[in-house]
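Read off the chains here:
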Amino acid sequence: DSRAPLSPNVAVSYIRRAAIRFATDSAVLVRTENVALQDGMDHYPLTFDADNEIPYALLSAKQGHCDVEASLVDDVVALGCSVGNNHSVAVKFSVIPTHNACNVDSLLMDRYHDAIVSGALEQIHLMPQKPWTSGAASERHGATFLKAVASARKKRYQDADGNRPRTVAINPRYSLR
């Protein structure tokens, strides 16, 4: 029925997709892992919450103040050199929620809740033949979402320390205004 209200499960799905899009486009969920190097090894798995994944790129790898050549394949960082025991490399990377995540980093919902809801509403207002279908409302929410992504990305570049991870449940608090 085209007049049926949006179910909470569908709302959560749209919010999750908007959170993934926000995290991907802004790269605000930065993690730093200190990798203890072992003699003769150059590949080290990264650890992070199961509700997250690394989307595409390694942000940096440093030993002290020096950059270390590194690449990322399947959540494993490959270092360009093996420096031996008693050394560590700080690996900085970005994560995003997975498509089946039940929880998302609290930073997304605490700091960017309204933007993520706007991202969800942008898509919800495009659902065909629903009482809430509205191209104008979708455009308005889409512009709000994109502006927040740009602002978050700019703030991430200004914050050198990243953030500490904490997760919260995805909550379908939304309004179809």
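See above for the structure.
Since we're looking at a predicted model, the values are computed, not measured.

Peer 1: Teacher, can you tell me more about the overall build of the chain here?
Peer 2: Tallying secondary structure elements over the chain gives three helices and eleven strands in all. Walking the chain from its N terminus toward its C terminus, one meets helices and strands in the order α-β-β-β-β-β-β-β-β-β-β-α-α-β. Among the 177 residues that make up the chain, the fraction classed as buried is 41%. With an accessible surface of roughly 9,900 Å², the chain has 50% of that area assigned to carbon and sulfur atoms.

Peer 1: What should I look at first to understand the environment of Asp105 in this one?
Peer 2: Tracing the chain through its elements places Asp105 in strand S10 (residues 103–105). Remark: the alpha-carbon pair of Asp105 and Val95, spanning ten residues in sequence, is separated by 9.6 Å. At a separation of 2.5 Å, a polar atom in the side chain of Asp105 contacts the side chain of Arg31.

Peer 1: Explain the pattern of salt bridges here, please?
Peer 2: Pairing of side chains with opposite charge becomes possible as their charged atoms draw close. As enumerated under the stated definition, the model contains two salt bridges in all. Salt-bridge contacts for Glu122 lead to Arg21; the nearest nitrogen and oxygen are separated by 3.1 Å. A residue pair is termed long-range when its members are at least 10 positions apart, and Glu122 in helix H2 (residues 106–124) and Arg21 in helix H1 (residues 8–26) qualify at 101 residues. In this structure, the salt-bridge partner of Asp105 is Arg31, at a minimum N-O distance of 2.5 Å. Placement of the pair is Asp105 in strand S10 and Arg31 in strand S1 (residues 30–36), with a sequence separation of 74 residues. You'll find Asp105 and Arg31 in the same group, each marked buried.

Peer 1: Got a minute to help me understand the sheet that holds strand S6 (residues 70–73) in this structure?
Peer 2: Across the sheet, which stays open at both edges, the three strands sit in the order S2-S7-S6 with antiparallel pairing between neighbours. This sheet does not close on itself; its edge strands, each paired only once, are strand S2 (43–45) and S6. Neighbour to neighbour, the strand axes of the sheet diverge by 25° on average, direction disregarded.

Peer 1: Mind showing me how you'd approach the nonpolar core here?
Peer 2: As a rule of thumb, nonpolar side chains are buried together in soluble globular proteins. One finds Phe22, Val28, Val91, Leu108, Ile116 and Ile124 to be the most contacted residues of the largest nonpolar core, which totals 42 residues. A total of ten residues in this core trace back to one element, the largest contributor, which is H2.

Peer 1: Would you mind showing me how to read H2 here?
Peer 2: Every α-helix winds through 3.6 residues per turn, so residues three or four apart in the chain are directed the same way. The end-to-end C-alpha distance of H2 is 23 Å, clearly below the 27 Å that 19 residues give at a rise of 1.5 Å each. For H2, the principal kink sits at Tyr112 and spans about 95°. Most of H2 sits inside the fold, with 15 of its 19 residues counted as buried. Its side-chain oxygen 2.8 Å from the backbone nitrogen of Leu107, Asp105 forms the N-cap of H2.

Criteria and cut-off values
- Residues numbered from 1 in each chain as written.
- Predicted model: local features only at pLDDT ≥ 70, side-chain atom pairs only at ≥ 80, totals over all residues.
- Heavy atoms only, no water.
- Helix = DSSP H or I, 4+ residues; strand = E, 2+ residues; numbered from the N terminus.
- Buried < 20%, exposed > 50% of the residue type's maximum accessible area, 1.4 Å probe, protein only.
- Areas by Shrake-Rupley, 256 points an atom, 1.4 Å probe, with all protein chains shown as cover.
- Polar contact = N/O pair within 3.5 Å; in protein donor to acceptor, adjacent residues only side chain to side chain.
- Salt bridge = Lys/Arg side-chain N within 4 Å of Asp/Glu carboxyl O.
- Pairing = 2+ DSSP bridges.
- Axes fitted to C-alpha atoms, helices over the stretch in contact; angles between N-to-C directions.
- Core = buried A, V, L, I, M, F, W, Y, C linked by side-chain atoms within 4.5 Å.
- Expected span 1.5 Å × (residues − 1).
- Bend = angle between axes of the 7 residues up to and from the residue.

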